[in-house]
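Residue-level listing of the chains:
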Amino acid sequence: MNILVNDEPYQAEDELCLCELLQRLDLKNRRGWAFAVNGEVVPQSQVDSFQLKDGDELLLIQATQGG
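The notes below deal with the structure included here. (Residues numbered from 1 in each chain as written. Predicted model: local features only at pLDDT ≥ 70, side-chain atom pairs only at ≥ 80, totals over all residues. Heavy atoms only, no water.)

1. Comments concerning the pairing of strand 5 (residues 57-62)
Point 1. Both strand 1 (residues 2-5) and strand 5 contribute to a ladder of 2 bridges, which runs parallel. Counted as the bridge partner of Leu-4 is Glu-57 from strand 5.
Point 2. Where strand 3 (residues 33-37) lies against strand 5, 5 bridges are found, and the strand directions are antiparallel. Looking at strand 5, one finds that Trp-33 is bridged to Gln-62. (Pairing = 2+ DSSP bridges. Helix = DSSP H or I, 4+ residues; strand = E, 2+ residues; numbered from the N terminus.)

What follows is the structure, given as structure tokens:
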């Protein structure tokens, strides 16, 4: 399976859900993060069950403080 993560190619040997990919990317603490797949925001309540598909484009966004 080939997907894009923040415009970078990522290849997985098998299908996986969004939560599995986040664990592989060492993003265990999802607090302050937002996720979009193919331009659609994935609610935090759906991250554990959201199934990724070949060709998906994933955007990982971390909230920051500033002023």
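Right, picking up where we left off after that structure.
2. Digging into the nonpolar core
Point 1. Membership of the largest hydrophobic core comes to 18 residues, with the highest contact counts inside it found for Leu-18, Leu-21, Leu-22, Phe-35, Val-47 and Leu-58.
Point 2. Put simply, the parts of the chain that give this core at least two residues each are strand 1, helix 1 (18-24), strand 3 and strand 5.
Point 3. Looking at this core element by element, the count peaks at 4 residues for helix 1.
Point 4. Residue contacts for Leu-58: discarding those within four places in its chain leaves Leu-4, Val-5, Asn-6, Leu-18, Leu-21, Phe-35, Ala-36 and Val-37. (Core = buried A, V, L, I, M, F, W, Y, C linked by side-chain atoms within 4.5 Å. Buried < 20%, exposed > 50% of the residue type's maximum accessible area, 1.4 Å probe, protein only. Contact = heavy atoms within 4.5 Å.)

3. Description of the environment of Cys-17
Point 1. Relative to the helices and strands, Cys-17 resides in the loop between strand 2 (8-11) and helix 1.
Point 2. A relative accessible area of 9% means that Cys-17 is categorised as buried.
Point 3. Spatially, the C-alpha atom of Cys-17 lies 13 Å from that of Gln-44, the residues being 27 residues apart in sequence.
Point 4. In contact with Cys-17, not counting residues within four places along its chain, are Asp-48, Phe-50, Gln-51 and Leu-52.

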